[in-house]
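Geometric and topological summary
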Amino acid sequence: MGKYMNPFTDEGFKRIFGQDFSKPLLIDFLNNLLEGERVITDLRFLDKEQLPEFKENRGLIYDVYCETETGEHIIVEMQNKPQEYFKDRALLYLSKAIVSQSRRGKEGDSYELSAVYGVFFMNFSDRRIGPSFRADVSLAELHSREPFSDKLRMIFLQLPLFTKSEAERCSYFERWIYILKHMEALNRMPW
């Protein structure tokens, strides 16, 4: 038995990524996840509970919901058990974050949006998401595959499909994944 907490429990995951004292860890993880694409220097945590606009609708509670210093919204979720409609749930979470940006501007409705990222740790694999550890999903034109918009991005991390060992040469991001995947059993931090 290791001496570190289990990152796959609500409490463990939120202690690692969802509290003010752990903000530098979340920033470091996100910068490694998005390396070459974005650099986050600061972020602030947003209210994780999203109430429904109408009583017939469903509210949402995110594991971690934050906003970068440049306005991007980032949702980080941990899912331990397979769920038949997990892709739909992920899309709903990001859609809610997009819709919540709708504000009436001084000169009518403002439709300018900040990008919304969803990072979904999956403690299971799902063939509908793909055969790889990491699946990056964005909006693109179907035939040319050219990016259509950078306002919606989902990153699915299927942890059982990450099979590198501690002895293998790993990128900094892969080290993050290795540590998270094995944290509960570790007696010391590798590397």
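Right above here is the structure, for reference.
What counts as what
- All residue numbers refer to position in the chain's written sequence, counted from 1.
- The model is predicted, so local features are restricted to residues of pLDDT at least 70 and side-chain atom pairs to those at 80 or more, both for listing and for counting; the totals for chains, interfaces and linings are taken over all residues.
- To get the side-chain values, all heavy atoms of the structure are used, and hydrogens and water are removed first.
- Every helix listed is a DSSP run of H or I at least four residues long, and every strand listed is a run of E at least two residues long, numbered separately from the N terminus.
- Any two residues whose heavy atoms approach within 4.5 Å are treated as being in contact.
- For the accessible areas, the method is Shrake-Rupley and the probe is 1.4 Å, while residue cover comes only from the protein chains on display.
- In this analysis the probe radius is 1.4 Å and the grid spacing 1 Å, with only protein atoms considered; a cavity is a set of points the probe fits into but cannot get out of, a pocket is an open set with protein on both sides within 12 Å along at least five of seven lines, and lining residues have an atom within 4 Å of a point.
- Grid points are joined across faces, edges and corners, and a volume is the space filled by probe spheres set on the points.
- Any residue outside Ala, Val, Leu, Ile, Met, Phe, Trp, Tyr, Cys, Pro, Asp, Glu, Lys and Arg is labelled polar, Gly included; the first ten of those are nonpolar and the last four are charged.
- Classification of ring pairs uses Phe, Tyr and Trp, with its six-membered ring standing for Trp, and accepts pairs whose centres are within 6.5 Å; under 30 degrees between planes counts as stacked, over 60 as edge-to-face, and the remaining range as tilted.
- Buried, partly exposed and exposed residues are distinguished by accessible area as a fraction of the type maximum, computed with a 1.4 Å probe on protein chains only: under 20%, between the cut-offs, and over 50%, respectively.

Details of the overall build of the protein chain
Summing up its helical and strand segments, the protein chain has four helices and 10 strands in all. Counting from the amino terminus, the protein chain carries its helices and strands in the arrangement α-α-β-β-β-β-β-α-β-β-β-β-β-α. Sequence separation of 24 or more characterises 59% of the internal contacts of the protein chain that already satisfy a separation of 6 or more. Summed over its atoms, the accessible surface of the protein chain is roughly 11800 Å², and 51% of this surface lies on carbon and sulfur atoms.

Some words on the layout of surface pockets
In this structure, the largest pocket occupies an estimated 200 Å³ of space. Around the largest pocket, the lining is made up of 11 residues, and of these Tyr172, Arg175, Trp176, Ile179 and Met189 lie nearest the centre. It is helix H4 (residues 172-182) that contributes the most residues to the lining of the largest pocket, five residues altogether. Grouping the amino acids of the lining of the largest pocket by side-chain chemistry returns 10 nonpolar, no polar and one charged. In this structure, the second largest pocket occupies an estimated 160 Å³ of space. Along the wall of the second largest pocket there are 14 residues; nearest its centre are Asp10, Asp63, Glu77, Met78 and Arg89. At the level of secondary structure, the elements contributing two or more residues to the lining of the second largest pocket comprise helix H1 (10-17), strand S5 (73-79) and helix H3 (86-99). Tallied by class, residues from the lining of the second largest pocket come to six nonpolar, three polar and five charged.

Details of the packing of aromatic side chains
Under the definition given, this model contains 16 aromatic pairs. Consider the rings of Phe86 and Phe124, whose centres lie 6.0 Å apart with planes at 75 degrees: the pair is edge-to-face. Of the two residues, Phe86 is situated in helix H3 and Phe124 in the loop between strand S8 (116-122) and strand S9 (134-140); the sequence distance between them amounts to 38 residues. According to the relative accessible area criterion, Phe124 is buried, its value standing at 6%. Consider the rings of Phe120 and Phe156, whose centres lie 5.2 Å apart with planes at 20 degrees: the pair is stacked.

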